Every structure is written in C-alpha cells, then in structure tokens.
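This is what each chain is made of:
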Amino acid sequence: MLRGRSLSVTSLSGLPQWEVEELPVENLLLFEVAWEVTNKGLYSTAADEWDQWSSVKPVHGCVHFGRWLIEGSPYVVLFDIGYSGDLWEACGVGIPYHDREANDMLIFGSLTVTDHTDGRHVVTQFHEWQAGTGLILSRARKLPIATIFTTHATLLGRYLCAANIDFYNHLDKFNIDKEAGDRQIYHRYCMERASVHCAHVFTTVSEITAIEAEHMLKRKPDVVTPNGLNVKKFSAVHEFQNLHAMYKARIQDFVRGHFYGHLDFDLEKTLFLFIAGRYEFSNKGADIFLESLSRLNFLLRVHKSDVTVVVFFIMPAKTNNFNVETLKGQAVRKQLWDTAHSVKEKFGKKLYDALLRGEIPDMNNILDRDDLTIMKRAIFSTQRQSLPPVTTHNMMDDSTDPILSTIRRIGLFNNRADRVKVILHPEFLSSTSPLLPMDYEEFVRGCHLGVFPSYYEPWGYTPAECTVMGIPSVTTNLSGFGCFMQEHVADPTAYGIYIVDRRFRSPDDSCNQLTKFLYGFCKQSRRQRIIQRNRTERLSDLLDWRYLGRYYQHARHLALSRAFPDKFHVEPRSPPTTEGFKYPRPSSVPPSPSGSQDSSPQSSDVEDETDDERYDEEEEAERDRLNIKSPFSLSHVPRGKKKLHGEYKN
C-alpha cells in the first residue's frame, strides 16, 4: 500500500479538494495519549473533525478531568501514577528498577488502559515511546479500540546522532540490539519497538523519519503525518511586515545597550540572525553555523561591506546569574535615553518661547553650561575598556561549553573590525526578562533570518514557525521540514527557504553552501528582503492544520478499518491518487540566480529601480495559487536508479 506521504496537499485556493469520506462522528471517540501533553506539537495534532476528545497526562495527585486552557479548550484527563502494570506478562519486556522514568511510563500506561467504549468506536493515538505501554497493554487485553502509534523521532536515532555518528550513511549497517544495549536503553527500545508493531497504524512526522524508523524499528510507516501550525491570517495583508518593523526596533534597543561603547555600526544596515532550540550542539547544527559565521565575517571584511550581522544563539544551558556587564549595558542605554529626553524637553521649551516672541533662537545659547555638562557625563559613561560580552549570562561550564569553545577557536569576540557579532542567550526568551523582554514569537518576528542547519531534525518546528510569520529561514535536507518544502516548492530559495545539503555533501561543502546562503542574504537590498518576506508568508498555507490535518484523518480512518473491518472500509489504494503540485518559481525571479546578484554586497538601503517593473505582489500571489505543476508521485523512483539510505525522493 502506498504511504500517506504520496498524497500531496491539494486544498489551497485554486486547487482540487480531497474528498474525505464522512465518518459517523457521533459514534466515535478520539483519545490522544502523551506523557508530555503540554509539549508544543502534541496537543495541536487533534483533528478538527472530532468534536470530543480527551488527552491523558500523568500528575502526582488525584485524577482530574476538565478543559485545557489552550486554543479549542479540549477535554483533559490527568491521572495520578500510583501502581504497576503487567508489561512483562504482555510482551516479556523487563524494566530495571533503577530506571525511574521507564517505570513511571509503565504505571502511566497501565492507567490509560480502560474499556471506555460505551458502545462507541474508539480511536486512541499514542505519541512516542513514553505512551506506548498503554498501547501494548490495550492490545494484550484485546480491548475493542483502534490504535495509532506516532513517533516524532526514534529513541535510538537521537542517541546515535548525539554521539556524532555518521547516522544516515550507516542506517542499514547498525546492529540495533547492540547499539541500544551499549547505551543501556535496550528496555526502552524494546518498549518503543513493541508499541510500533502492536499498533494498527504506525505513523511518523516526515519522510526522513519514516526511512529512519524502517531501519531502527523494523516497520515501514503506514502514513506520514506532517506537523502543522494554527496559522492566523491578518486582515491587513502587510500587517506582519509592520510587526517585523516594530519588534526589530525592540531588538535594536537591546543591541544598543549590549554594544555600548562599540556601537560604531549602522543599525539600519544591521541584520539579525538567530538559532533556537534544545542545546544539542551537533544535532541542531550549531557547529556548522559557527564555522560558516567565521567565513561570512571574512567575506564581509574583505569586500569592505557596511552590512553588520548580529547573531543570537537562543539555547538553554546551565547558568548561575545574568552577566553583570550585560546588565550594565542595558542600564547605560536607559540612562542615556532619559538624559536625551530631559535635554530635549528643555531645548523644546526654549525654542517654543523664542518662537512665541517672534525670534529665531540663538543656537549657541539654547543649551546652557549644565546641559553641556550632562551630555559630556553621558558620553563619558559610554566609555568601555572591554569588548562587548558574547554571552548574556554567567555560564556554569564556561571552559567546556561547546558554543563558547568554538567562539574562542574561530575568534569571534565582537571586535570593532568584525562584521559578524555573536550573542549567546542561554535561556528561553520571556517578556519578563530584564535583558531582552520579548516573547519568542515577538523576537522571531523582529529578526531577519532564522538559521537551523540541523543534522538530526525529524520535523523542525522552528523554521516552520518562521515561515508562518513571514521570516526567511535556513534548513537542511535532513530535516522533515526541509524535505517537505523541497517537495512542494519549485524554488525554495526564492521563497526564503534556504535548504543546505547535509545528506550528500561533506561537512566542509555543507558549511561553504551555508556561507554562500548567508552571504547572498547580506547582499540583498531592503526592498528585496521585503519581497522575500511576502513570498515566505504565502507559504504558510502549506503548514496550516486545515490542510495537513487530513493526514491524521486518513490515519484514523485506516486504523478504524483495520480494527473494525466489518464496519469501516478504506480503499486498498488509499490515500487516493491526486494531482501533485509545487509552488512555481516566482515570475519576478530570473531563470539564473547569477542574473539577480551582484559580485559584492550592496548597501541594505539601496533600491533596485527595475524591480518595480518586474514585481507585482498580487499578480504573483494569484499565479502561485493557480499555476500547478504536472502530477507526480513521491514514491516513484526512476528505473535503473537505486534509492540510497536516507535519500529523499524529490
């Protein structure tokens, strides 16, 4: 049977609709089971077609039932974990007594296994291995429910990639049992694998993870269910551009304070880049990103560019307090702002009085000695003997921290001559922070580019979030998001999605490609960046749950047909064959990339007058909706070509 990923999203405006067979919703119940139900991505996978559903989450205390205070207000059941189950009798998997987390998973699974059908057909979707024990016990007790197991990343895959192993080129060579045993997670691996093979339907979040799961868990996924987002469209088309300008100004305020005394670069010609996520130095691509920044700094200095790049690393690490120098910088900035306002008020009052008298004020006397003294003291307070810090907090493991160690090696210390400045913010962003009082969404909207050159990224919410906010991003062909965009966008770069090849290139070649992307982005004019953000935001339709939710619908239909074959039926060739499509290359983009790029960076405020004739946003957006590519099938491989392990089929 064809995998669900061979079905293209075809419900955008101007595209044919996928006719979904209606199910008797009043006779169905859907349960989503997840250990960390509040994790972003898990709770949002509930399909819109189901009116009643419950989530299950363990808490220490009694059982609670109520509505969850998130969008949609779903029902939630919170269980206490208080007794053990019979996993050993069900599948012969033993759990070491000292593995507290695995034992908690067993107790949690035992609590979720209850016969709550009440004459209705139940579909239960279990997310990740932590919730899998409930699935195993449900099948062992022959409960009349349809089960789905979704892995967002394989357990062993995370461990292997964290060990800097050449993972994707050795997928078919790993001794799975030995690798799991060497890492003392064999019992967890057995729980995950048993869950996969017990489920009526097995799903993953991306094609790259489907290939991984086929080798790691020994079962080919039935459906690939890409993760979506709740996309909110503004009534005003360019409102997201206004938000970008507003939040960029707040980031500029932080930069003014952080680089006080060394603020010899033009903030209007400064680009803000960022990387965010779990602190997995290699998996998240921080290693290749830092190396490319060193090369980018060299290129910008050699070409004497007036563009400055400020890069934020938003990755939580162990800290013991804020950096004193960073706090002082924000205090100095605020003091200067207050001083300027007080002098401005006195200046304005004197000017106002002189004009009322019909006089032109003497500019030499409008500022008295006290005003000049205040301004000189303000200038003196901005003097700094040290370089601006590269981190906003005091790191617990400063000497061994991978990011700081790499910064020392490549020499990006925020010197005046450096065109690339680096700021490590080892905490998640918060609007209550005394340093950078912004929520993550506000910060993303204020940046120019998100960079996520991950080596191991089963889906990739961070670049997806950038896309729906209209912010260009860098991803890779080893992330589910990057592969998804390669499939659905003819020229991702033109739409602000830069895809680094980390699958078929050496690390050094991948680093050079990333450097080329960053260098090309720095060469764009302000108008070019605005046009690119407009195109990026248009891709948000591809990531909306209204479109991607259909894959979850199909997985649930399939589970019902396998659990209750006498009452539900899905065609053997489901999902049905439909027209494939890609967003075409924008008409205003020349056929050759070299035709639109200069040999050296240009000022960010230089406008290309010829763009006015080439670019019509409304016309281009309408063409995106109507210009459909010829049908294609993702699962098709040309005759005579052998698929490589991990190769994504474009």
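No experiment lies behind these values; they were computed from the predicted model shown. (Residues numbered from 1 in each chain as written. Predicted model: local features only at pLDDT ≥ 70, side-chain atom pairs only at ≥ 80, totals over all residues. Heavy atoms only, no water.)

**Observations regarding the overall build of the chain**
Inference 1: Looking only at helices and strands, one finds 20 helices and 16 strands in the chain.
Inference 2: Taken over 650 residues, the chain has a buried fraction of 56%.
Inference 3: Here the contacts in the chain between residues at least 6 apart in sequence split such that 73% fall between residues at least 24 apart.
Inference 4: Surface summary for the chain: the accessible area is close to 29100 Å², and the carbon and sulfur share equals 52%. (Helix = DSSP H or I, 4+ residues; strand = E, 2+ residues; numbered from the N terminus. Buried < 20%, exposed > 50% of the residue type's maximum accessible area, 1.4 Å probe, protein only. Contact = heavy atoms within 4.5 Å. Areas by Shrake-Rupley, 256 points an atom, 1.4 Å probe, with all protein chains shown as cover.)

**Overview of the pairing of strand β13 (residues 420-425)**
Side-chain positions along a regular strand alternate between the two faces of the sheet.
Inference 1: In terms of burial, β13 is largely enclosed, as six of its six residues are buried.
Inference 2: The pairing of strand β10 (residues 308-314) with β13 spans six bridges and is parallel. Following the sheet pairing, isoleucine 314 is matched in β13 by histidine 425. (Pairing = 2+ DSSP bridges.)

**A few points about the sheet that holds strand β9 (residues 270-276)**
Inference 1: Within the open sheet, the six strands sit side by side as β13-β10-β9-β14-β15-β16. Their pairing is parallel. This sheet does not close on itself; its edge strands, each paired only once, are β13 and β16 (497-500). Taken pair by pair, the neighbouring strands of this sheet meet at an average axis angle of 25°, ignoring direction.
Inference 2: In this sheet, β10 lies alongside β9 in parallel orientation, the contact comprising seven bridges. Bridged to leucine 273 within β10 is valine 311.
Inference 3: The sheet contacts of helix α14 (residues 461-468) involve β9, β14 (449-451), β15 (473-476) and β16, and relative to β15 the element is tilted by about 145°. (Axes fitted to C-alpha atoms, helices over the stretch in contact; angles between N-to-C directions.)

**Here we look at the packing of aromatic side chains**
Inference 1: A full pass over the atoms with the stated rule returns 20 aromatic pairs.
Inference 2: Each ring, one from phenylalanine 312 and one from phenylalanine 443, has its centre 5.2 Å from the other, and the planes form 85°; the classification is edge-to-face. Within this pair, whereas phenylalanine 312 is found in strand β10, its partner phenylalanine 443 is found in helix α13 (residues 440-446), the two being separated by 131 residues in sequence. In terms of burial, phenylalanine 312 and phenylalanine 443 fall into one category: buried.
Inference 3: By the ring-pair criterion, three or more aromatic residues cluster together here, those being Phe254, Phe272, Phe274, Phe312, Tyr440, Phe443 and Phe452. (Phe/Tyr/Trp six-rings, centres within 6.5 Å; stacked < 30°, edge-to-face > 60°.)

**Points about the nonpolar core**
Inference 1: Val255, Leu293, Phe312, Phe313 and Phe443 are the most contacted members of the largest nonpolar core, which has 84 residues in total.
Inference 2: If we skip the residues at most four places from it in the chain, phenylalanine 313 touches Ile275, Ala286, Phe289, Leu290, Leu293, Ile403, Val422, Ile423, Leu424 and His425.
Inference 3: Judged by nonpolar contacts, the second largest core, of 37 residues, contains Phe126, Leu171, Phe202 and Ala213. (Core = buried A, V, L, I, M, F, W, Y, C linked by side-chain atoms within 4.5 Å.)

**Overview of the packing of helix α8 (residues 239-258) against helix α10 (residues 324-356)**
Inference 1: The contact between α8 and α10 brings their axes to 7 Å, and the two run at 110°. Between α8 and α10, the angle is such that the two are roughly perpendicular. Where α8 crosses over α10, the handedness of that crossing is right-handed. In contact with Asp253, Phe254, Arg256, Gly257 and His258 of α8, α10 contributes Thr326, Gly329, Gln330 and Arg333. (Parallel < 35°, antiparallel > 145°, perpendicular 65-115°, else oblique. Left-handed = near helix turned anticlockwise from the far one by under 90°.)

**Here's the deal with the packing of helix α3 (residues 132-140) against helix α6 (residues 186-198)**
Inference 1: It is at 9 Å that the axes of α3 and α6 come closest, and there the two elements cross at 50°. For the element pair α3 / α6, the angle class is oblique. The interaxial crossing formed by α3 with α6 has left-handed handedness. Residues Gly132, Thr133, Leu135, Ile136 and Arg139 of α3 lie in contact with α6, whose contacting residues are Met191, Ala194, Ser195 and Cys198.
Inference 2: When the residues that make up the contact of α3 with α6 are grouped by side-chain class, the tally is five nonpolar, three polar and one charged. (Nonpolar A, V, L, I, M, F, W, Y, C, P; charged D, E, K, R; others polar.)

**Brief notes about the pairing of β15**
Inference 1: Of the two faces of β15, the one lined by Ser473 and Thr475 and the one lined by Val474 and Thr476 are each fully buried.
Inference 2: Two elements, β14 and β15, share two bridges in a ladder whose sense is parallel. Of the residues in β15, the one forming a bridge with glycine 450 is serine 473.
Inference 3: The parallel pair β14 and β15, bridged by α14, forms a crossover whose chirality is right-handed. (Right-handed = clockwise from strand over helix to strand, strands pointing away.)

**Some words on the environment of arginine 535**
Inference 1: Within the element layout of this structure, arginine 535 appears in helix α17 (residues 526-538).
Inference 2: When the C-alpha positions of arginine 535 and isoleucine 471 are compared, they lie 9.6 Å apart, and in sequence the two are 64 residues distant.

**Considering α17**
Inference 1: Here α17 is 13 residues long and its end C-alpha atoms lie 19 Å apart, about the 18 Å a rise of 1.5 Å per residue gives.
Inference 2: Of all 13 residues in α17, 10 are buried, a share of seventy percent or more.
Inference 3: For α17, the full list of buried residues reads Gln528, Arg529, Ile531, Gln532, Arg533, Asn534, Arg535, Thr536, Glu537 and Arg538. (Expected span 1.5 Å × (residues − 1).)

**Points about α3**
Inference 1: Burial analysis of α3 places seven of its nine residues in the buried class, the great majority of the element.
Inference 2: Considered for burial, the residues of α3 that qualify are Gly132, Thr133, Gly134, Leu135, Ile136, Leu137 and Ser138.
Inference 3: Count one or two residues on from α3 and you reach lysine 142, which has phi positive near 55°.

**Re the side chain of histidine 127**
Inference 1: Its location among the elements puts histidine 127 in strand β5 (residues 121-127).
Inference 2: Reaching out from histidine 127, the side chain makes a polar contact with the side chain of glutamate 32 at a distance of 2.5 Å. (Polar contact = N/O pair within 3.5 Å; in protein donor to acceptor, adjacent residues only side chain to side chain.)

**Things to note about the environment of leucine 28**
Inference 1: Looking at the element boundaries, leucine 28 is found in strand β1 (residues 28-33).
Inference 2: Relative accessible area serves as the criterion here: at 4%, leucine 28 is assigned to the buried category.

**A short note on the pattern of salt bridges**
Inference 1: One pass over the full model with this rule turns up 28 salt bridges.
Inference 2: Of the charged contacts, one joins arginine 556 and glutamate 32 as a salt bridge, the two residues approaching to 2.6 Å between their closest N and O atoms. Separated by 524 residues along the polypeptide, arginine 556 in helix α18 (residues 545-563) and glutamate 32 in strand β1 bring together distant segments of the chain.
Inference 3: In this structure, the salt-bridge partner of arginine 183 is glutamate 179, at a minimum N-O distance of 2.6 Å. (Salt bridge = Lys/Arg side-chain N within 4 Å of Asp/Glu carboxyl O.)

**Quick look at the confidence of the model for the chain**
Close inspection of predicted coordinates is inappropriate in any region flagged by low pLDDT.
Inference 1: Chain-level statistics for the chain give a pLDDT mean of 81 and a share of 75% at 70 or above.
Inference 2: Predicted confidence is poor over residues 38-54, with pLDDT under 50, and the contacts of this stretch with residues over four places away or in other chains come to 51 contacts.
Inference 3: Predicted confidence is poor over residues 592-613, with pLDDT under 50, and the contacts of this stretch with residues over four places away or in other chains come to 40 contacts. (pLDDT = per-residue confidence, 0-100.)

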